[in-house]
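Here is what each chain is made of, one letter per residue.
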Amino acid sequence: GIQVEQSPPDLILQEGANSTLRCNFSDSVNNLQWFHQNPWGQLINLFYIPSGTKQNGRLSATTVATERYSLLYISSSQTTDSGVYFCAVEESGANSKLTFGKGITLSVRP
Amino acid sequence: DSGVTQTPKHLITATGQRVTLRCSPRSGDLSVYWYQQSLDQGLQFLIQYYNGEERAKGNILERFSAQQFPDLHSELNLSSLELGDSALYFCASKRVGDTQYFGPGTRLTVL
């Protein structure tokens, strides 16, 4: 099956700093989603981005499908951004299940 | 709020027992997915239903089963529970051409 790798595994930031989270995938995909898992365990949809660039407030994401990677940018980070960020992909030609990466644990310190 | 509901939020039970987790999808979504998040396996796909029919299976143990009812809600049944089944279980729903929306999860603890 498809492999999804996220880097770095852990990230510690000072409040106000910017960061880039990366997701590499091993095969072509129909869909790519970024999620934020908050400390209560809830998975929150951030972006649905099979290709191109999208922005939502301080967050933006870019997926380059031909090169099989996606980037999530967080600008002016806040303590509420802390948590685990997951990238998940839906393989081309397969059923629509999502395959998740292992996640990136982000800690934003005040 | 994603519109997907799951009950119960927390479940504590003993080894060997059987439990049922329930999921109500967003209105109009025909597809329901179940995922398991454990410390050692990460987030992994278990099973998918579409309009009452099983559509795809992932790494779901034989002790686990699921179904989707005519009103589109779904139940995941876990039996002969083991310590290693302790995990967060998510349900997600989807309509064609849209993204998957996840429920808040059920945290299962097997003692």
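It should be noted that the structure appears before, not after, this text.
Definitions and limits used
Residues numbered from 1 in each chain as written. Chains lettered and ligands numbered in written order. Predicted model: local features only at pLDDT ≥ 70, side-chain atom pairs only at ≥ 80, totals over all residues. Heavy atoms only, no water. Phe/Tyr/Trp six-rings, centres within 6.5 Å; stacked < 30°, edge-to-face > 60°. Helix = DSSP H or I, 4+ residues; strand = E, 2+ residues; numbered from the N terminus. Buried < 20%, exposed > 50% of the residue type's maximum accessible area, 1.4 Å probe, protein only. Core = buried A, V, L, I, M, F, W, Y, C linked by side-chain atoms within 4.5 Å. Contact = heavy atoms within 4.5 Å. Buried area = accessible area lost by both parts, 1.4 Å probe. Salt bridge = Lys/Arg side-chain N within 4 Å of Asp/Glu carboxyl O. Polar contact = N/O pair within 3.5 Å; in protein donor to acceptor, adjacent residues only side chain to side chain. Pairing = 2+ DSSP bridges. Axes fitted to C-alpha atoms, helices over the stretch in contact; angles between N-to-C directions.

Peer 1: Just checking my understanding: could you explain the packing of aromatic side chains for this structure?
Peer 2: The relation between two aromatic rings is expressed through the spacing of the ring centres and the mutual angle of the planes. Under the criterion given, the structure shown has 10 aromatic pairs over all chains. Here Phe100(A) and Phe102(B) contribute two aromatic rings whose centre-to-centre distance is 6.0 Å and whose plane-to-plane angle is 85°, an arrangement assigned as edge-to-face. On the criterion of chain membership, the pair formed by Phe100(A) in strand β10 (residues 99-100) and Phe102(B) in strand β10 (residues 101-102) is interchain, its members lying in two chains. On the basis of relative accessibility, which here comes to 9%, the residue Phe100(A) falls in the buried class. The exposure class assigned to Phe102(B) is buried, which follows from its relative accessible area of 4%. Seen in terms of ring centroids, Phe64(B) and Tyr89(B) are 6.5 Å apart; in terms of plane orientation they differ by 70°. Their pairing is edge-to-face. One end of the pair, Phe64(B), is in strand β7 (residues 64-68); the other, Tyr89(B), is in strand β9 (residues 87-94), and 25 residues separate them in sequence. Overall, the relative accessible area of 6% leaves Phe64(B) in the buried class. According to the relative accessible area criterion, Tyr89(B) is buried, its value standing at 0%.

Peer 1: Can you walk me through the nonpolar core in this structure?
Peer 2: Nonpolar side chains in soluble globular proteins tend to be buried together. Formed by 23 residues in total, the largest nonpolar core has its most connected members in Leu21(A), Leu32(A), Trp34(A), Leu72(A) and Val89(A). By size, the runner-up hydrophobic cluster in this structure holds 21 residues, among which are Val4(B), Leu46(B), Ala66(B) and Tyr89(B).

Peer 1: Before we go on, may I ask you to explain the interface of chain A and chain B in this structure?
Peer 2: Many authors give the size of an interface as the accessible area that is lost as the parts come together. Chain A puts 15 residues into the contact, and the matching count from chain B is 17 residues. Summing both partners gives a buried area of about 1300 Å² for chain A against chain B, and 55% of it is carried by carbon and sulfur. Together, Leu43(A), Ser96(A) and Phe100(A) form the three largest contributors to the area buried by chain A at its contact with chain B, with a combined 30%. Between the two partners, chain A and chain B, sit zero salt bridges. On the surface where chain A and chain B come into contact, there are seven residue pairs in polar contact (both at pLDDT 80 or more). Of all elements in the fold, only β4 (29-37), β5 (43-48) and β9 (83-91) of chain A reach the threshold of two or more residues within the side of chain A that touches chain B.

Peer 1: Looking at this structure, how should I read the sheet that holds strand β1 (residues 4-7) of chain A?
Peer 2: Each strand in a sheet pairs with another by means of backbone hydrogen bonds, the pair being arranged parallel or else antiparallel. Residue and element names in this part refer to chain A. Sheet architecture is open: five strands sit in the order β1-β3-β8-β7-β6, paired in antiparallel fashion. Edge strands, defined here as strands with exactly one partner in the open sheet, are β1 and β6 (52-56). Sheet twist, expressed as the average angle between the axes of neighbouring strands with direction ignored, equals 15°. The pairing of strand β3 (residues 19-25) with strand β8 (residues 69-74) spans six bridges and is antiparallel. Considered in β8, the bridge of Arg22 is made with Leu71.

Peer 1: What exactly am I supposed to notice about the environment of Tyr35(B) here?
Peer 2: Relative to the elements of secondary structure, Tyr35(B) occurs in strand β4 (residues 31-38). Overall, the relative accessible area of 0% leaves Tyr35(B) in the buried class. Of note is the side chain of Tyr35(B), whose polar atom sits 3.0 Å from the backbone nitrogen of Leu98(A).

Peer 1: Where do I start with the side chain of Gln100(B) in this structure?
Peer 2: Looking at the secondary structure, you find Gln100(B) in the loop between β9 and β10. In this structure the side chain of Gln100(B) is engaged in a polar contact, spanning 2.8 Å, whose partner is the backbone oxygen of Ser96(A). Residue contacts for Gln100(B): discarding those within four places in its chain leaves Gln33(A), Phe35(A), Asn45(A), Ser96(A), Lys97(A), Leu98(A), Tyr33(B), Tyr35(B), Ala92(B), Ser93(B) and Lys94(B).

Peer 1: Would you mind showing me how to read the environment of Lys9(B) here?
Peer 2: All names here are of chain B. Note on placement: Lys9 falls in the loop between β1 (5-7) and β2 (10-13). Taking C-alpha positions, Lys9 is 9.7 Å from Tyr89, a pair spaced 80 residues apart along the chain. Not counting residues within four places of it along the chain, the set of residues in contact with Lys9 comprises Gly105, Thr106 and Arg107.

Peer 1: I keep staring at the side chain of Ser74(B) and nothing clicks. Help me out?
Peer 2: All names here are of chain B. Within the element layout of this structure, Ser74 appears in strand β8 (residues 74-78). By relative accessible area, which is 0% here, Ser74 ends up buried. Here the side chain of Ser74 touches Trp34 through a polar contact of 2.9 Å, side chain to side chain. A polar contact of 2.9 Å, which involves the side chain of Ser74, links it to the backbone oxygen of Gln67. Discounting chain neighbours no more than four positions away, the residues touching Ser74 are Leu21, Arg22, Cys23, Val32, Trp34, Gln67 and Gln68.

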